[in-house]
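# Examining the three-dimensional arrangement
Each chain is listed here by its residues.
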Amino acid sequence: MGYKLDLKNPKTFSEKLQWLKLYNRKPEYTQMVDKAAVKDYVAKILGKEYIIPTLGIWNKPEDIDFESLPNRFVLKTTHGGGSAGVVICKDKSTFDCKKAIRSLNKSMKQDISRELKEWPYKNVVHRIIAEEYVESRPDVDELPDYKVFCFNGKPKFCQVVTGRIKGEPCFDTFDLGWKHQPFREPKKYPNADPLPQKPLHYDEILKAAEKLAGNNEFSRIDFYEIGDKILFGEITFFPTSGMGGFDPEDYDLLLGRMITLPGTKRGGVILKLEKSGDVEIQGLGLTDYKFYCFDGKVKYCETISGRFTKKQIDFFDLDWNHQDFTFDGYDFADDRPQKPACFDKLVEVAGVLCKDKPYSRIDLYVVGNKVYFGEITFFPASGFRGFHPDEWNIRLGDYIQLPKDM
């Protein structure tokens, strides 16, 4: 990109996308970049009428049932970014199936998560999907891409890609009022001449994009306009992997200022935004899972919520039954913590770490689908924190069997 990457204080659009690659690990992103699985995600939010119909899905190119496909269709690898792994058939009578299989096999071996560090693709199952071939409006020679740039969940720009059929793609960006913007991204592609016309369903495109963008720091939502309706294309979080560049370069910084990075980074982990009413609090949103272990056996899990707002503490047994005690001076959580999907793994890890110890508390975190170690302590609050009700001080004390030979 021609300048040093600053991950400690990212400012430009390009820098912030690299930062988000490393730290913004929202597990739902994997479904959102999977060209097959994303259809269910979009259908639930927008409706099935926005989805290009699927004709078939196969695990490898050699399995494709070409006989079952119509005269025109599109093949895509489910893990491909952008136009990678796309094969278009406009006439099956002249379509080279063997060439298509070779091209798709090459794409099946690509791994964007390794090559470009776009982590959401890591767990996408490599498959091939066949879709209906969609055509543009009768008064338009080709099918433009309408790519809506959303910053912190709000659409700000619409990028239009034309000229792909001729092999000479052009990129143009418009604001929400369809005013052409004086920058190009990626910088290597020219503007179209003449400029693209505003789509008939532009307002609907913007509304649909905002629904799909959610509260994500940055996302680009792509659509097509087909006759009297719009169809969903894809969701990407890293256009050109954040390395397409801008012309003029100043816009790299100007668009970068529009991305508000989430929360606080601690130990290489982004801690999510918490919401209090309509006010967003830049807080540490990870739940602490503190396992109380007696004589090498895990007995209870303490959860801490709202550590930097209104600290609330709950205890659960190993079946995630809520217990009727907490520490003096603390309340139960207003929204009772849900059992984490990997709770059995947490218990297993705590059980290994507490082995052969009369008492220990093992602290763990869950980020995405991964378990992270926090700390081990033998004297929580130095043993001076009271319980409510009082009887639990005795009941928990009964679990500790002190050595008799000391």
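Heads up: the structure comes first, above all this text.
What this report covers is the structure whose coordinates are included nearby. (Residues numbered from 1 in each chain as written. Predicted model: local features only at pLDDT ≥ 70, side-chain atom pairs only at ≥ 80, totals over all residues. Heavy atoms only, no water.)

### Observations regarding the sheet that holds strand S14 (residues 288-294)
- Spatial ordering of the open sheet is given by S16-S15-S14-S18-S19, a layout of five strands whose pairing is antiparallel. Pairing within the sheet leaves two strands with one partner each, and these edge strands are strand S16 (312-316) and strand S19 (370-377). Going across the sheet, the axis of each strand differs from the next one's by a mean of 25°, ignoring polarity.
- Where strand S18 (residues 359-367) meets S19, seven bridges bridge the pair, whose relative direction is antiparallel. By the bridge assignment for S19, isoleucine 362 is matched with isoleucine 376.
- Lying over the sheet, helix H8 (residues 343-353) contacts S14, strand S15 (297-305), S18 and S19, oriented at roughly 145° with respect to S18.
- Sheet strands in contact with helix H9 (residues 391-399) are S14 and S15, and its direction is about 140° off that of S15. (Pairing = 2+ DSSP bridges. Helix = DSSP H or I, 4+ residues; strand = E, 2+ residues; numbered from the N terminus. Axes fitted to C-alpha atoms, helices over the stretch in contact; angles between N-to-C directions. Contact = heavy atoms within 4.5 Å.)

### Digging into unusual backbone geometry
- In this structure, the amide linkage connecting glutamate 185 to the following residue, proline 186, adopts the cis form with an omega of 0°.
- Mapped onto the elements, proline 186 comes out in the loop between strand S7 (170-175) and helix H6 (202-213).
- Histidine 388 connects to proline 389 through a cis peptide bond whose omega is 0°.
- Looking at where proline 389 falls in the secondary structure, it is placed in the loop between strand S20 (387-388) and H9.
- In this model, threonine 240 sits at a positive phi of 50°, which is unusual for a non-glycine residue.
- Mapped onto the elements of the fold, threonine 240 is located in the loop between strand S9 (229-236) and helix H7 (250-256).
- Not every positive phi belongs to a glycine, and aspartate 356 is a case in point at roughly 65°.
- Of note, aspartate 356 is situated in the loop between H8 and S18.

### What about H8?
- All buried positions along H8 are accounted for by Phe343, Leu346, Val347 and Ala350. Taken down its axis, H8 places every buried residue within 95° of arc, on the same side. Residues of H8 that are exposed and point more than 90 degrees away from the buried face comprise Asp344 and Val352.
- Of the surrounding elements, those touching the buried residues of H8 are S14, S15, S18 and S19. (Buried < 20%, exposed > 50% of the residue type's maximum accessible area, 1.4 Å probe, protein only. Arc of directions from axis to C-beta.)

### Re the nonpolar core
- If you look at the biggest cluster of nonpolar residues, it comprises 48 residues, and the most contacted ones within it are Phe13, Phe151, Ile221, Phe223, Phe232 and Ile259.
- Of all elements in the fold, only helix H1 (13-23), helix H2 (29-33), helix H3 (38-45), strand S5 (145-151), strand S6 (154-162), H6, strand S8 (218-226) and S9 reach the threshold of two or more residues within this core.
- Ranked by the residues each element gives to this core, the list is headed by H6, at seven residues.
- Among the nonpolar cores identified, the runner-up in size contains 16 residues, and Phe291, Val298, Phe316 and Leu346 belong to it. (Core = buried A, V, L, I, M, F, W, Y, C linked by side-chain atoms within 4.5 Å.)

### Observations concerning the pattern of salt bridges
- Under the definition given, this model contains 15 salt bridges.
- The shortest N-O distance in the salt bridge between glutamate 131 and lysine 76 comes to 3.1 Å. Placement of the pair is glutamate 131 in strand S4 (residues 128-132) and lysine 76 in strand S2 (residues 73-77), with a sequence separation of 55 residues.
- The shortest N-O distance in the salt bridge between arginine 220 and aspartate 222 comes to 2.8 Å. In this structure, arginine 220 and aspartate 222 share a single accessibility class: buried.
- Salt bridges sharing common partners tie together Lys35, Lys147, Arg220, Asp222 and Glu234. (Salt bridge = Lys/Arg side-chain N within 4 Å of Asp/Glu carboxyl O.)

### Considering the pairing of S6
- Taken across its nine residues, S6 has seven buried, putting it largely inside the fold.
- As paired elements, S5 and S6 share seven bridges and run antiparallel to each other. Across the sheet, tyrosine 146 pairs through a bridge with valine 160, a residue of S6.
- In textbook terms, the turn of a hairpin is the stretch between consecutive antiparallel strands, and for S5 and S6 this stretch comprises two residues, one of which, asparagine 152, has a positive phi near 50°.
- Across six bridges, S6 lies against S7 in antiparallel orientation.

### Looking at the packing of aromatic side chains
- Scanning the entire structure with this criterion turns up 36 aromatic pairs.
- A centroid spacing of 5.0 Å and a plane angle of 75° characterise the contact between tryptophan 178 and tyrosine 202, whose relative ring orientation is edge-to-face. Placement of tryptophan 178 in the loop between S7 and H6 and of tyrosine 202 in helix H6 is noted, with a sequence separation of 24 residues between them.
- The rings of Tyr292, Phe294, Tyr300, Phe315, Phe325, Phe327, Tyr359, Phe387, Trp392 and Tyr399 are connected pair by pair, giving a single aromatic cluster.
- Across the ring face of phenylalanine 327, the terminal group of arginine 385 is positioned such that the distance to the ring centre comes to 4.3 Å.
- Over the face of the ring belonging to tryptophan 392 we find arginine 395, whose NZ or CZ atom lies 3.9 Å from the ring centre. (Phe/Tyr/Trp six-rings, centres within 6.5 Å; stacked < 30°, edge-to-face > 60°. Lys NZ or Arg CZ within 6 Å of the ring centre and 35° of its normal.)

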